[in-house]
Amino acid sequence: MNFIKKDISDFNVNPFKMIGKDWYLITSANSPEDYNTMTASWGAFGEMWGKHMFTCAVRPNRHTYSYIDNSENEYFSISFFDEKYRDMLSFCGTKSGRDYDKAKETGITPVVIDGTVAFEEAHTVIVCRKMFSQDMNEESFIDKDALKFYEKDPFHRMYISEVMAIYQK
């Protein structure tokens, strides 16, 4: 494993590009052999409760949801990749871990970092610890135009998580 742990306060990225344009994998594990990953392009970095935070949203119909929502597992990872992994990210965003071994199908290599699973091919891995979750609902939307994202799919569950460590190559 070629990752180097970085000082969180030195993490200087464009989150709009990193999350919204480049995409990432959210990975949660019950054990190194029992994990699931999914592609995401929504999320946010920031500060809350005196901590460095990452917020993500996962729909309950995603296989990863049962992993990340597991109350016994506090940690998950987010992994960011170079553009050459776009096809892998597309596969992991459109195929279910119920039906496919995503690592085997795409050639990515799972590795354990700080007790959770991430991927060797990533250029950046961030380990997160869940602190808060809440289901979104129609009544909470102030801007009703955003409801167009929920015409066919269920509302997300939001996870606010502390950034525990950042690893880069």
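Just above, that's the structure.
Residues numbered from 1 in each chain as written. Predicted model: local features only at pLDDT ≥ 70, side-chain atom pairs only at ≥ 80, totals over all residues. Heavy atoms only, no water.

Peer 1: Explanation requested: the side chain of T27 in the structure shown.
Peer 2: The topology assignment puts T27 in strand β2 (residues 24-31). According to the relative accessible area criterion, T27 is buried, its value standing at 0%. Separated by 2.7 Å, the side chains of T27 and T37 make a polar contact. Once you skip the residues sitting within four places of it in the chain, T27 turns out to touch Y35, N36, T37, F76, S77, T116, V117 and F119. (Helix = DSSP H or I, 4+ residues; strand = E, 2+ residues; numbered from the N terminus. Buried < 20%, exposed > 50% of the residue type's maximum accessible area, 1.4 Å probe, protein only. Polar contact = N/O pair within 3.5 Å; in protein donor to acceptor, adjacent residues only side chain to side chain. Contact = heavy atoms within 4.5 Å.)

Peer 1: What is the right way to look at a nonpolar patch on the surface in this model?
Peer 2: A cluster of nonpolar residues, M48, W49, M131 and F132, forms a patch on the protein surface that exposes about 370 Å² of accessible area. Positionally, W49 belongs in the loop between β4 (44-48) and β5 (51-58). Here W49 falls in the partly exposed class, since its relative accessible area comes to 47%. (Patch = residues over 30% accessible without salt bridge, like charges linked within 9 Å, V, L, I, M, F, W, Y side chains within 5 Å. Areas by Shrake-Rupley, 256 points an atom, 1.4 Å probe, with all protein chains shown as cover. Salt bridge = Lys/Arg side-chain N within 4 Å of Asp/Glu carboxyl O.)

Peer 1: For this particular structure, what's the right way to read the nonpolar core?
Peer 2: As a rule of thumb, soluble globular proteins bury nonpolar side chains together. One finds L25, F81, M88, I113, V125 and Y167 to be the most contacted residues of the largest nonpolar core, which totals 22 residues. Elements represented by at least two residues in this core include exactly β2, α3 (86-94), β7 (110-113), β8 (116-119), β9 (124-135) and β10 (157-168). Per element, the largest residue contribution to this core is four residues, and it comes from α3. With near-sequence residues (within four places) excluded, F81 lies in contact with L25, M88, L89, F119, E121, A122 and H123. (Core = buried A, V, L, I, M, F, W, Y, C linked by side-chain atoms within 4.5 Å.)

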